[in-house]
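Listed below, chain by chain, are the residues.
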Amino acid sequence: MFYHVLKYVVLGPLLRLMFRPRIEGLEHIPEEGAAIVAGNHLSFSDHFLMPAILKRRITFLAKAEYFTGPGIKGKLTAAFFHSIGQIPVDRSGKEAGQAAIREGLGVLDKGELLGIYPEGTRSHDGRLYKGKVGVAVMAIRSGVPVVPCAMVGTFEIQPPGQKMPRIKRVTIRFGEPLDFSRYAGLENQKAAVRAVTDEIMYAILGLSGQEYVDEYAVKAKAAQPDEPKRSPRSAR
């Protein structure tokens, strides 16, 4: 109930009015049945803008820190993410990754849309980083299509560290669904899941026009903690 009030009465109309998102390829989102929507992650605003323009409900795997913050602000944030059906994910350790996969597969088993950011975290400099293979494991094991998505312009409106977004138009692009049925039964093969992940990231790259970095975002960010934020290089 609260989800629909936010989407159709409060937050959805407000976001559309403020950011006037250009929406491309929305027809690629299936009208029914399970699917994974895999996108780049440039801004905290991404969590709200994509769900606001979709006709269907989408559930994201959200980092556990959103549910465990201290004080009143932390409790309000946790309540908000719980109310819109987001699933907390502990991003530390191999077992945590397996738990996230189980949660994601549970969403798909119910015939719903699952949203995931394969980079695993927000880009700190606007570039597109190497994808983690969890998305491939879920895609192969479930057999559902993967719809690539690119958020364009959200880094400029709210880069990491900026609390309030700038009011500026953004673009949300969806690509043709990717079918990985040819990899059925190979979700435990490292070469297979890497190939699937790279194909997904390549599709996102084609939609976003970002500069690609063949390194995990968390590692790159840790190696350059004092590097100033910059606008992403985009061909769009």
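Right above here is the structure, for reference.
Right, let's walk through the structure included here. (Residues numbered from 1 in each chain as written. Predicted model: local features only at pLDDT ≥ 70, side-chain atom pairs only at ≥ 80, totals over all residues. Heavy atoms only, no water.)

**Here's the deal with helix α2 (residues 46–53)**
Then, in step 1: Among the 8 residues in α2, 8 count as buried, and that is most of the element.
Then, in step 2: Taken together, the buried positions of α2 are Asp46, His47, Phe48, Leu49, Met50, Pro51, Ala52 and Ile53. (Buried < 20%, exposed > 50% of the residue type's maximum accessible area, 1.4 Å probe, protein only. Helix = DSSP H or I, 4+ residues; strand = E, 2+ residues; numbered from the N terminus.)

**Description of the environment of lysine 55**
Then, in step 1: As for its placement among the helices and strands, lysine 55 is situated in the loop between α2 and β3 (58–63).
Then, in step 2: Here the alpha-carbon distance between lysine 55 and glutamate 31, two residues 24 residues apart in the chain, equals 8.3 Å.

**Considerations on the nonpolar core**
What tends to happen in soluble globular proteins is that the nonpolar side chains get buried as a cluster.
Then, in step 1: Membership of the largest hydrophobic core comes to 32 residues, with the highest contact counts inside it found for Ile36, Met138, Val146, Phe180 and Ile200.
Then, in step 2: Mapped by element, the contributors of at least two residues to this core are β2 (35–39), β4 (87–89), α4 (94–109), β5 (113–116), α5 (134–142) and α7 (190–208).
Then, in step 3: Per-element accounting of this core gives the leading share, 7 residues, to α7.
Then, in step 4: If we skip the residues at most four places from it in the chain, isoleucine 36 touches Leu108, Leu114, Ile116, Val135, Met138, Ala139, Val144, Pro145, Val146 and Val147. (Core = buried A, V, L, I, M, F, W, Y, C linked by side-chain atoms within 4.5 Å. Contact = heavy atoms within 4.5 Å.)

**Some points on the pairing of β5**
Then, in step 1: Neither face of β5 is exposed, since Leu113 and Gly115 on one face and Leu114 and Ile116 on the opposite face are all buried.
Then, in step 2: Relative to β5, β2 runs parallel, the two sharing 4 bridges. When the bridges of β5 are listed, valine 37 appears paired with glycine 115.
Then, in step 3: As judged from the 3 bridges shared by β3 and β5, these two strands associate in the parallel manner. Within β5, the residue paired with threonine 59 across the bridge is leucine 114. (Pairing = 2+ DSSP bridges.)

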